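Spelled out from the first residue to the last, the chains are:
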Amino acid sequence: MTQIATVTALPGPAGGPVELTIARQTACGHSCDGCGRCAGRTPDVVIRALSEIPVELGDRVEVYSDNRVLGIAALVYGLPVVLFLLGYLLPAGLSEPLRYLCGGAGFLLGLAAAVLCDRLAKRRAGISYRITRKL
(Lines give C-alpha, C1' and ligand atoms only; values in the text may rest on other atoms or scores of the structure.)
Protein backbone atom coordinates (compact mmCIF):
# COMPACT_ATOMS: atom_id res chain seq x y z
CA MET A 1 0.00 0.00 0.00
CA THR A 2 1.43 3.39 -0.96
CA GLN A 3 0.63 6.83 0.39
CA ILE A 4 1.88 10.37 -0.18
CA ALA A 5 3.71 12.01 2.75
CA THR A 6 5.72 15.12 3.60
CA VAL A 7 9.13 14.95 5.30
CA THR A 8 8.90 16.79 8.63
CA ALA A 9 12.12 15.75 10.40
CA LEU A 10 15.41 14.25 9.30
CA PRO A 11 17.40 11.65 11.23
CA GLY A 12 20.27 12.71 13.46
CA PRO A 13 23.93 12.35 12.54
CA ALA A 14 23.85 8.66 13.47
CA GLY A 15 21.14 8.00 10.87
CA GLY A 16 17.82 6.32 11.45
CA PRO A 17 14.26 6.72 10.27
CA VAL A 18 12.83 9.89 8.73
CA GLU A 19 9.73 11.47 10.29
CA LEU A 20 6.84 11.92 7.86
CA THR A 21 3.37 13.42 7.99
CA ILE A 22 0.58 11.74 6.05
CA ALA A 23 -2.72 13.49 5.42
CA ARG A 24 -5.39 11.02 6.53
CA GLN A 25 -7.60 9.91 3.67
CA THR A 26 -11.38 9.81 3.84
CA ALA A 27 -13.90 7.97 1.72
CA CYS A 28 -15.50 11.22 0.55
CA GLY A 29 -12.25 12.81 -0.64
CA HIS A 30 -12.94 15.95 1.45
CA SER A 31 -15.34 17.64 -0.92
CA CYS A 32 -16.65 19.60 2.08
CA ASP A 33 -18.16 22.47 0.14
CA GLY A 34 -21.09 20.28 -0.90
CA CYS A 35 -21.32 18.00 2.12
CA GLY A 36 -20.35 19.43 5.49
CA ARG A 37 -20.88 16.11 7.32
CA CYS A 38 -17.38 15.44 8.58
CA ALA A 39 -17.20 18.83 10.34
CA GLY A 40 -13.80 19.74 9.03
CA ARG A 41 -10.41 18.28 8.47
CA THR A 42 -9.14 15.03 9.96
CA PRO A 43 -5.83 15.10 11.86
CA ASP A 44 -2.61 14.16 10.09
CA VAL A 45 -0.75 10.94 10.94
CA VAL A 46 2.94 11.12 11.92
CA ILE A 47 5.05 8.05 11.10
CA ARG A 48 8.71 7.08 10.86
CA ALA A 49 10.03 5.51 7.67
CA LEU A 50 13.32 4.14 6.41
CA SER A 51 14.79 6.06 3.50
CA GLU A 52 17.18 4.61 0.95
CA ILE A 53 17.17 7.84 -1.03
CA PRO A 54 18.34 11.31 0.11
CA VAL A 55 15.45 13.52 1.24
CA GLU A 56 15.17 17.04 2.63
CA LEU A 57 12.67 18.79 4.88
CA GLY A 58 9.41 19.54 3.08
CA ASP A 59 9.92 16.95 0.32
CA ARG A 60 6.82 15.10 -0.83
CA VAL A 61 7.54 11.39 -1.00
CA GLU A 62 5.76 8.15 -1.75
CA VAL A 63 5.71 5.78 1.23
CA TYR A 64 5.21 2.02 0.99
CA SER A 65 3.80 0.05 3.91
CA ASP A 66 3.59 -3.71 4.02
CA ASN A 67 0.24 -5.43 3.58
CA ARG A 68 -0.08 -6.06 7.31
CA VAL A 69 -1.84 -2.70 7.51
CA LEU A 70 -4.83 -4.19 5.71
CA GLY A 71 -4.79 -7.27 7.94
CA ILE A 72 -4.77 -5.15 11.08
CA ALA A 73 -7.61 -3.00 9.71
CA ALA A 74 -9.62 -6.13 8.93
CA LEU A 75 -9.05 -7.36 12.47
CA VAL A 76 -10.01 -4.05 14.08
CA TYR A 77 -13.19 -3.63 12.04
CA GLY A 78 -14.16 -7.24 11.34
CA LEU A 79 -13.52 -9.17 14.54
CA PRO A 80 -16.06 -7.34 16.73
CA VAL A 81 -18.77 -7.79 14.07
CA VAL A 82 -17.99 -11.48 13.58
CA LEU A 83 -17.99 -12.15 17.32
CA PHE A 84 -21.28 -10.26 17.71
CA LEU A 85 -22.89 -12.42 15.03
CA LEU A 86 -21.50 -15.61 16.56
CA GLY A 87 -22.67 -14.57 20.00
CA TYR A 88 -26.14 -13.84 18.66
CA LEU A 89 -26.61 -16.75 16.26
CA LEU A 90 -25.02 -19.68 18.11
CA PRO A 91 -27.19 -19.73 21.26
CA ALA A 92 -30.39 -20.31 19.26
CA GLY A 93 -32.17 -21.92 22.23
CA LEU A 94 -32.01 -18.81 24.40
CA SER A 95 -34.58 -16.04 24.52
CA GLU A 96 -34.10 -13.01 22.28
CA PRO A 97 -32.82 -10.62 25.01
CA LEU A 98 -30.22 -13.17 26.14
CA ARG A 99 -29.08 -13.64 22.54
CA TYR A 100 -28.60 -9.88 22.25
CA LEU A 101 -26.63 -9.95 25.49
CA CYS A 102 -24.39 -12.74 24.15
CA GLY A 103 -23.93 -10.80 20.92
CA GLY A 104 -23.00 -7.65 22.85
CA ALA A 105 -20.52 -9.62 24.95
CA GLY A 106 -18.98 -11.00 21.75
CA PHE A 107 -18.74 -7.49 20.32
CA LEU A 108 -16.98 -6.21 23.47
CA LEU A 109 -14.63 -9.20 23.40
CA GLY A 110 -13.81 -8.38 19.76
CA LEU A 111 -13.09 -4.75 20.66
CA ALA A 112 -10.82 -5.83 23.52
CA ALA A 113 -8.93 -8.19 21.19
CA ALA A 114 -8.56 -5.42 18.59
CA VAL A 115 -7.17 -2.98 21.19
CA LEU A 116 -4.75 -5.62 22.46
CA CYS A 117 -3.57 -6.37 18.91
CA ASP A 118 -3.11 -2.65 18.24
CA ARG A 119 -0.99 -2.21 21.36
CA LEU A 120 1.14 -5.25 20.50
CA ALA A 121 1.68 -3.97 16.96
CA LYS A 122 2.81 -0.59 18.28
CA ARG A 123 5.12 -2.16 20.83
CA ARG A 124 6.75 -4.47 18.27
CA ALA A 125 6.84 -1.81 15.55
CA GLY A 126 4.64 -4.19 13.59
CA ILE A 127 4.06 -1.93 10.59
CA SER A 128 7.14 -0.88 8.67
CA TYR A 129 7.23 2.05 6.28
CA ARG A 130 9.76 2.68 3.51
CA ILE A 131 10.21 5.72 1.28
CA THR A 132 10.17 4.54 -2.33
CA ARG A 133 10.61 7.80 -4.28
CA LYS A 134 10.51 11.58 -4.20
CA LEU A 135 7.64 13.31 -5.95
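Each value, and the rule that gives it
Residues numbered from 1 in each chain as written. Predicted model: local features only at pLDDT ≥ 70, side-chain atom pairs only at ≥ 80, totals over all residues. Heavy atoms only, no water. Patch = residues over 30% accessible without salt bridge, like charges linked within 9 Å, V, L, I, M, F, W, Y side chains within 5 Å. Areas by Shrake-Rupley, 256 points an atom, 1.4 Å probe, with all protein chains shown as cover. Salt bridge = Lys/Arg side-chain N within 4 Å of Asp/Glu carboxyl O. Helix = DSSP H or I, 4+ residues; strand = E, 2+ residues; numbered from the N terminus. Buried < 20%, exposed > 50% of the residue type's maximum accessible area, 1.4 Å probe, protein only. Pairing = 2+ DSSP bridges. Contact = heavy atoms within 4.5 Å.

Draft legend 1. Expanded view of a nonpolar patch on the surface. Where nonpolar side chains cluster on the molecular surface, the patch consists of Val81, Leu85, Leu89, Phe107, Leu108 and Leu111 and spans about 530 Å² of accessible area. Where the nonpolar patch is concerned, the elements lending two or more residues are α1 (68-89) and α2 (96-123). Examined against the element boundaries, leucine 89 turns out to sit in helix α1. Overall, the relative accessible area of 52% leaves leucine 89 in the exposed class.

Draft legend 2. Layout of the pattern of salt bridges. Tallying each qualifying case throughout the model produces four salt bridges. Residue arginine 48 pairs with glutamate 19 through a salt bridge whose shortest N-O separation is 3.5 Å. Here arginine 48, found in strand β3 (residues 45-51), pairs with glutamate 19, found in strand β2 (residues 18-22); they are 29 residues apart in sequence, far enough to count as distant. Here arginine 99 makes a salt bridge to glutamate 96, at a shortest N to O gap of 3.9 Å. With arginine 99 and glutamate 96 both in helix α2 and three residues apart, this pair spans about one turn of that helix. Take arginine 99: its relative accessible area is 14%, and that puts it in the buried class. When its relative accessible area of 35% is taken as the criterion, glutamate 96 is described as partly exposed.

Draft legend 3. Region of the structure containing the pairing of strand β4 (residues 60-65). Bridge count between strand β1 (residues 2-9) and β4: five bridges; the pairing is antiparallel. Each bridged residue has a counterpart across the sheet, and for isoleucine 4 the counterpart in β4 is glutamate 62. Of the strand pairs in this sheet, β4 and strand β5 (residues 129-134) are connected by five bridges, and their pairing is antiparallel. Paired with valine 61 across the strands is lysine 134, a residue of β5.

Draft legend 4. Representation of the environment of isoleucine 4. For isoleucine 4, the position within the fold is in strand β1. Take isoleucine 4: its relative accessible area is 37%, and that puts it in the partly exposed class. Spatially, the C-alpha atom of isoleucine 4 lies 9.6 Å from that of lysine 134, the residues being 130 residues apart in sequence. In this view, isoleucine 4 contacts Ile22, Arg60, Val61 and Leu135; residues no more than four positions away in its chain are not counted.

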